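# Analysis of the macromolecular model
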Amino acid sequence: MKNLKNLLVNNWKTIRLIFLTGLFLFPFSVFAQYTLTSSDVTFSNGVITAYTNTTQTNIIIPDNFGGVTVTGIGSSAFQNKIITSVAIQNTFSANEF
C-alpha cells in the first residue's frame, strides 16, 4: 500500500495530465454529431418517414433536404434504430413522435 501511495504522489502530475487529456478528448470522439443528408432518410412532403442510416447514432436533423423544409418526423421513422441523441431545427410544425 505504501508503494502505491508513493507511486501516486511521485507521479501526480503525469496522472493528472492523462486524466485531463482523456476528459477533454472523450466527449468529442463519442458525442460528435452527424448532420443527416437526404440519403440517410426517406423524406416525403416535409416529413421524415424512415431513418435508413445504420451507423450514426448522434444526429442533427437539418432544416431542409434539397430545399424542402423539414416539418415533422413520422411516428415510426426511428423504429428499431439505436439513436443516442437528436438535435432538431425550429422548422418543425408537426411531429408524430
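Our structure is the block above this text.
First, a word on what this report is: a plain description of the structure on this page.

Cut-offs applied
- The written sequence of each chain sets the order in which its residues are numbered from 1.
- Given that the model is predicted, a residue must reach a pLDDT of at least 70 before its local features are reported, and side-chain atom pairs must reach 80 or more before they are shown or counted; all residues, however, enter totals for whole chains, interfaces and linings.
- Water and hydrogen atoms play no part in the side-chain values, which are based on all heavy atoms of the structure.
- Helix and strand assignments follow DSSP, with helices taken as H or I runs no shorter than four residues and strands as E runs no shorter than two, numbered in order from the N terminus.
- Exposure classes here rest on a 1.4 Å probe applied to the protein chains alone. A residue is buried below 20% of its type maximum, exposed above 50%, and partly exposed in between.
- In what follows, a contact means two residues having at least one pair of non-hydrogen atoms within 4.5 Å.
- The protein chains shown are the only cover counted for residues, whose accessible areas, like all others here, come from Shrake-Rupley with a 1.4 Å probe.
- In short, DSSP must find at least two bridges between two strands for them to pair.

## Some words on the overall build of the protein chain
- The number of helices and strands found in the protein chain is two helices and eight strands.
- Starting at the N terminus, the α and β elements of the protein chain follow one another as α-α-β-β-β-β-β-β-β-β.
- Taking all 97 residues of the protein chain together, 20% fall into the buried category.
- Sequence-distant contacts, at least 24 apart, represent 57% of the contacts inside the protein chain between residues at least 6 apart.
- Of the roughly 7,100 Å² of accessible surface on the protein chain, a fraction of 59% belongs to carbon and sulfur atoms.

## Considerations on the sheet that holds strand E7 (residues 72–73)
- If you trace the three strands from one edge of the open sheet to the other, you get E2-E3-E7, paired in mixed fashion. Looking at strand neighbours, the two that pair on one side only are strand E2 (41–44) and E7, the edges of this open sheet.
- Looking at chain direction, E2 and strand E3 (residues 47–51) are connected through four bridges and run antiparallel. Looking at E3, one finds that Phe 43 is bridged to Ile 48.

## Focus: the environment of Lys 81
- Here Lys 81 is to be found in the loop between E7 and strand E8 (85–88).
- Judged by its relative accessible area of 32%, Lys 81 falls in the partly exposed class.
- C-alpha separation for the pair Lys 81 and Thr 55, spaced 26 residues apart in sequence, amounts to 9.7 Å.
- If near-sequence neighbours (up to four positions away) are discounted, Lys 81 is found in contact with Tyr 51 and Thr 54.

## Brief notes about the sheet that holds strand E1 (residues 34–35)
- The strand order across the open sheet formed by three strands is E1-E4-E8, and the pairing between neighbours is parallel. The sheet terminates laterally at E1 and E8, the two strands that pair on one side only.
- Where strand E4 (residues 58–61) lies against E8, four bridges are found, and the strand directions are parallel. Its bridge partner lying in E8, Ile 60 is registered against Ala 87.

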